[in-house]
Structure formats: C-alpha cells, structure tokens
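A look at the structure
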Amino acid sequence: AALEANRETSQADLARLARYALNLTEGDDRAAAQALIDRVGELCRTLKVPSRLTELGVTREQLPALVAGSQGNSMNGNPRVISTDELALILERML
C-alpha cells in the first residue's frame, strides 16, 4: 500500500530501483515502477506477509486510533505528506 500511495511522488526512484534490482532495460519510468511494485507484491505473497489488516486482527473500530497513532515520527520518512483523511482511506482499503 505504501508503494502505491507514493508512486507518483517516487516514480523516478522506484523506476531506478526496478532497473537495478530487476535488471530492466526497457520501458518508461511508469512501467518500471509498476514492475517493482508488482515484484514486491509477489515477494510478499511468497513469504506469506499479511496483506490485510484483518489478518493481523485489526478491526474497523480500531482505525481511528491507528490513524491518530500514525501521525508521529514514523511519517517523517514518507516521501510526501499524507493527510489524516487520506491515511484513513488507505487503512480502510487495507482491512
């Protein structure tokens, strides 16, 4: 979800990483970034990393507390500012 949420802001960096890590030689930045996002998704499925918050026991009722608790230092490293409403939507989609 984080890669998707930051795709537009970080597309050039994701594409550069994709070209290096996946040995891509063709395609524009958008296609390369998508290839990286897809590969990370495949890797997470292979490693059985939970992709839904409900798999971790998170309920819809807990989302407001998660949003509030996520606005601290952990968001400082994000490549762009994510509003409280956008974060709530992202987490809602991850249920």
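Before reading on, note that the structure itself is shown above.
Residue indices begin from 1 for each chain and proceed along its sequence in written order. In keeping with the model being predicted, local features are shown solely for residues with a pLDDT of at least 70 and side-chain atom pairs are shown and tallied solely at 80 or more, while totals for entire chains, interfaces and linings include all residues. Derived side-chain values reflect all non-hydrogen atoms in the structure, with water molecules and hydrogen atoms excluded from consideration.

This brings us to the layout of surface pockets. What the largest pocket holds in volume is close to 540 Å³. Using protein atoms alone on a 1 Å grid, points that fit a 1.4 Å probe yet trap it form a cavity, whereas open point sets bounded by protein on both sides within 12 Å along at least five of seven lines form a pocket; residues with an atom within 4 Å of a point count as lining. Lining of the largest pocket is provided by 18 residues; of these, A1, L3, E4, S51 and M94 occupy positions nearest its centre. Helical segments are the DSSP runs of H or I of at least four residues, strand segments are the runs of E of at least two, and each set is numbered from the N terminus. Breaking the lining of the largest pocket down by element, the ones donating at least two residues are α1 (2–5), α3 (29–46) and α5 (84–93). Of all the elements, α3 adds the most residues to the lining of the largest pocket, at five residues. Its residues assigned to classes, the lining of the largest pocket shows eleven nonpolar, two polar and five charged. The calculated volume of the second largest pocket comes to roughly 270 Å³. Forming the walls of the second largest pocket are 15 residues, and the residues nearest its centre are A2, M75, L87, I90 and L91. Breaking the lining of the second largest pocket down by element, the ones donating at least two residues are α1 and α5. Per element, the largest residue contribution to the lining of the second largest pocket is three residues, and it comes from α5. When grouped by side-chain class, the residues that make up the lining of the second largest pocket number eleven nonpolar, four polar and no charged. Grid points are joined across faces, edges and corners, and a volume is the space filled by probe spheres set on the points. Note on residue classes: Ala, Val, Leu, Ile, Met, Phe, Trp, Tyr, Cys and Pro are nonpolar, Asp, Glu, Lys and Arg are charged, and everything else, Gly too, is polar.

What follows covers the pattern of salt bridges. For this analysis, a salt bridge means a side-chain nitrogen from Lys or Arg found within 4 Å of a carboxyl oxygen belonging to Asp or Glu. The full count for this structure, using the stated rule, is seven salt bridges. A salt bridge links D29 to R19; its shortest N-O distance comes to 2.9 Å. Placement of D29 in helix α3 and of R19 in helix α2 (residues 7–21) is noted, with a sequence separation of ten residues between them. When its relative accessible area of 30% is taken as the criterion, D29 is described as partly exposed. One salt bridge connects R39 with E42, and the closest N-O pair in it is separated by 3.7 Å. Relative accessibility decides the category of a residue: with a 1.4 Å probe and only protein chains considered, values under 20% of the type maximum give buried, values over 50% give exposed, and everything between is partly exposed.

Turning next to the packing of α2 against α3. Running from N to C, α2 and α3 point in directions that differ by 75°, and their axes come no closer than 7 Å. Judged by the angle between their axes, α2 and α3 are roughly perpendicular. Judged by residue contacts, R7, E8, Q11, A12, L14, A15, L17, A18 and R19 of α2 engage D29, R30, A32, A33, Q34, L36 and I37 from α3. To define axes, lines are fitted to C-alpha atoms, for helices over the stretch in contact only, and angles between the resulting N-to-C directions are given on a 0 to 180 degree scale. For classification, angles of less than 35 degrees are called roughly parallel, those exceeding 145 degrees roughly antiparallel, those between 65 and 115 degrees roughly perpendicular, and all remaining angles oblique. Working rule for contacts: check all heavy atoms of both residues, and any pair within 4.5 Å makes them a contact.

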